[in-house]
Amino acid sequence: MIWSKIENLLCRQIGFDANIIGTRKIVKAVENRCLICRVNVDDYLHILTKSSQEFDELVELLVVPETWFFRDTQTYDAFAKYVRSQWLNKFSNSKFRLLSVPCSTGEEPYSLAMTLLDLGLLPNQFHIDAVDISKNALSKARKAVYSRNSFRGHNLEFQNRYFTSTDKGYQLSEKVKNTVNLSQGNLLEANLLLDRIHYDIIFCRNVLIYFDSSGRKNTLKNLHRLLKNQGLLFVGASETGELANLGFDIIRLNSVFVGQKKTEIPENLKNTNLNYPAYVIPQSKILVESYQINKPQIAPNTEKVKKIQPLLEIQDCHLDSIRILADQGNLTAAISQCQNYIYQHSTSAEAYLLLGEVYQAQGLELQAEECFQKAVYLDPKNSQALLHLALLKEQQGNQEKANILRQRWQRLQQL
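Treat the numbers as computed from the prediction; the structure is a model and nothing was measured.

1. Quick notes on the environment of Q74
Link 1 in the chain: Here Q74 lies in helix α6 (residues 73–90).
Link 2 in the chain: For the pair Q74 and S255, spaced 181 residues apart in the sequence, the C-alpha separation amounts to 7.1 Å.
Link 3 in the chain: Among all residues touching Q74, those that are not within four sequence positions of it are S255, V256 and A361.

Quick look at the structure:
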């Protein structure tokens, strides 16, 4: 069928599951491009396979940026504390180098710039590169005029300091704009930013969940190459587990877990093939209705199950959708959806692992630990859950238990 061929083409070249974007959205985008090109769907597929420009046009229709300034304030608090306590004390004589990829419409790299300026750094003390595959997103970032949708949360004091209200929206000050270098690039290309000096910190949040295993390995190999030794990698709330055994140690900054570059590339990444076309998918807007269902501790009453089952069938969702919800910052909704999923798939170790990661992102560490323990009970070879438990035990000061868990984790890596 023609639509499955188009979905397969998108999957091969972009690296994401078509189910995440949605068949309906793909159909609508293709029909739009067919009208513009004045061809039918069969002819359009032929054009799509031959024209990289047309493929880019289709990708632009499928990507809906969903970002805002200082998204996930815990991440920026951890970043600011690191700069104050580590970099300013030890490396203030060198230039602080950062990368934001994908940068979407610019809110993230500009938020990083404002954070550094608020900490007292001068523009000549830091360098920020911002990369995205989308020409449209980069065009908006260069204009740096934003609507109210880009300003969320309760603390918007920065808006008065760095923006001017205009008829078109809120214009970012030149002082901030000039600190960010915007460019188009493919996150998975082997030569991405090959001529640049290594970075102290890379922000690559809410992207890994869109790629398959090969895509994630390629991405992390590239980011490992671009970081300085001991450099830090910030990823999304449910993505930290991807870093284990892929070139990064997982460390804790405040309440945020980040990756720290190991000096050697693991063997399983050294021969990773990077020579295939792929595109960075910016943070996608997916609306998911949520509700709260508590998992029962004992066998439920059969009559109650019959009453609730139709609702569960309507609200059923996939773990990939829940990950996206979490990485959009909708942690409470993600917890509700994950609890719903576990209600129907009570033996899913991956669901308990994901729920634990979301609890952890909310700072609910007791609940997170319980979920990781359940994941290990259901799947003793779940290395990500073991690593999360080890980190929690270290944080609690229980080094003996942490060492046991780490030894189990290391044995699994050798299998």
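2. Thoughts on the packing of helix α15 (residues 331–344) against helix α16 (residues 349–361)
Link 1 in the chain: One can describe the packing of α15 onto α16 by two numbers: an axis separation of 10 Å at closest approach and a directional angle of 160°. Taken together, the axes of α15 and α16 lie roughly antiparallel to each other. Considering only the axes of α15 and α16, their crossing is left-handed. Along the contact surface, α15 presents L331, A334, I335, C338, Q339, Y341 and I342, while α16 presents A351, Y352, L354, L355, V358, Y359 and A361.
Link 2 in the chain: Taken together, the residues that form the contact of α15 with α16 break down as 13 nonpolar, 1 polar and no charged.

3. A short note on the packing of aromatic side chains
Link 1 in the chain: Under the defined criterion, the tally for this structure stands at 15 aromatic pairs.
Link 2 in the chain: Relative to F203, the ring of Y76 lies with its centre 6.1 Å away and its plane at 25°, an arrangement referred to as stacked. In this pair, Y76 is assigned in helix α6 and F203 in strand β7 (residues 199–203), connecting sequence segments 127 residues apart.
Link 3 in the chain: By relative accessible area, Y76 is classed as buried at 4%.

4. Re the sheet that holds strand β4 (residues 163–165)
Link 1 in the chain: Strand order in the open sheet formed by 3 strands is β3-β5-β4, with antiparallel pairing between adjacent strands. Lying at the two open borders of the sheet, with one neighbouring strand each, are β3 (145–146) and β4.
Link 2 in the chain: Note: β3 against strand β5 (residues 170–172), 2 bridges, orientation antiparallel. Bridge pairing links Y146 to Y170 in β5.

5. Here we look at the pattern of salt bridges
It is possible for side chains of opposite charge to pair when their charged atoms get near one another.
Link 1 in the chain: As enumerated under the stated definition, the model contains 15 salt bridges in all.
Link 2 in the chain: Between R33 and E57 there is a salt bridge; the shortest N-O distance is 4.0 Å. Pair noted here: R33 is in helix α3 (residues 23–37) and E57 is in helix α5 (residues 52–62), with a separation of 24 residues, a long-range link.
Link 3 in the chain: Using a relative accessible area of 33% as the deciding quantity, one classes E57 as partly exposed.
Link 4 in the chain: Close ionic contact of D118 with R161 constitutes a salt bridge, the shortest N to O distance being 2.7 Å. Of this pair, D118 sits in helix α7 (residues 107–118) while R161 is found in helix α9 (residues 157–162), placing the two residues 43 residues apart along the sequence.

6. Considerations on the pairing of β7
Across a regular strand the side chains alternate sides, sitting on one face of the sheet and then on the other.
Link 1 in the chain: With respect to burial, β7 is a largely interior element, 5 of its 5 residues being buried.
Link 2 in the chain: Across 4 bridges, the pairing between β7 and strand β8 (residues 227–234) is parallel. The residue bridging Y199 from the neighbouring strand is L227, located in β8.

7. Section: the nonpolar core
Link 1 in the chain: Within the largest apolar cluster, 60 residues are counted, with the highest numbers of intra-cluster contacts made by L99, V101, I202, C204, L220, L223 and L233.
Link 2 in the chain: The dominant element in this core, judged by the number of residues it contributes, is α16, at 9 residues.
Link 3 in the chain: Setting aside residues no more than four positions away along its own chain, V101 makes contact with E108, V131, L187, I202, F203, C204, R205 and L223.
Link 4 in the chain: In this structure, Y110, L112, F151 and I201 belong to the second largest nonpolar core, which totals 40 residues.

8. Section: the pairing of strand β1 (residues 96–100)
Link 1 in the chain: Across the 5 residues of β1, 5 count as buried, placing the element largely inside the fold.
Link 2 in the chain: Residues F96, L98 and S100 line one face of β1 and the alternating positions R97 and L99 line the opposite face, and both faces are buried.
Link 3 in the chain: When β1 meets strand β2 (residues 126–132), the two strands line up parallel, connected through 5 bridges. Bridged to L99 within β2 is D129.
Link 4 in the chain: Bridge count for β1 against β7 is 3 bridges, and the pairing is parallel. Among the inter-strand pairings, L98 is bridged to a residue of β7, identified as I201.

9. Considerations on the UniProt feature "repeat: TPR" (unreviewed entry) in the protein
Link 1 in the chain: This chain's UniProt record puts "repeat: TPR" (unreviewed entry) on residues 349–382.
Link 2 in the chain: Between the end C-alpha atoms of residues 349–382 the distance is 8 Å, and the span holds 79% helix and 0% strand.

10. A look at the sheet that holds β7
Link 1 in the chain: Spatially, the 7 strands line up as an open sheet ordered β6-β2-β1-β7-β8-β10-β9, and their pairing is mixed. Two strands bound the open sheet, and with one partner strand each, they are β6 (180–184) and β9 (248–253). Averaged over all pairs of adjacent strands, the angle between their axes in this sheet comes to 25°, without regard to strand direction.
Link 2 in the chain: Running over the sheet, α7 touches β1, β2, β6 and β7 and is turned about 170° from β2.
Link 3 in the chain: Across the sheet, helix α11 (residues 213–226) lies against β1, β7, β8, β9 and β10 (256–261), angled at about 130° from β8, the strand it touches most.

11. A few points about unusual backbone geometry
Link 1 in the chain: Residue V101 is joined to P102 through a cis peptide bond whose omega torsion reads -5°.
Link 2 in the chain: Position of P102 relative to the elements: it lies in the loop between β1 and α7.
Link 3 in the chain: Even without being glycine, F70 reaches a positive phi, approximately 55°.
Link 4 in the chain: Residue position: F70 is located in the loop between α5 and α6.

Criteria and cut-off values
- Residues numbered from 1 in each chain as written.
- Predicted model: local features only at pLDDT ≥ 70, side-chain atom pairs only at ≥ 80, totals over all residues.
- Heavy atoms only, no water.
- Helix = DSSP H or I, 4+ residues; strand = E, 2+ residues; numbered from the N terminus.
- Contact = heavy atoms within 4.5 Å.
- Axes fitted to C-alpha atoms, helices over the stretch in contact; angles between N-to-C directions.
- Parallel < 35°, antiparallel > 145°, perpendicular 65-115°, else oblique.
- Left-handed = near helix turned anticlockwise from the far one by under 90°.
- Nonpolar A, V, L, I, M, F, W, Y, C, P; charged D, E, K, R; others polar.
- Phe/Tyr/Trp six-rings, centres within 6.5 Å; stacked < 30°, edge-to-face > 60°.
- Buried < 20%, exposed > 50% of the residue type's maximum accessible area, 1.4 Å probe, protein only.
- Pairing = 2+ DSSP bridges.
- Salt bridge = Lys/Arg side-chain N within 4 Å of Asp/Glu carboxyl O.
- Core = buried A, V, L, I, M, F, W, Y, C linked by side-chain atoms within 4.5 Å.
- UniProt positions renumbered as here; feature names shortened; annotations may be inferred.

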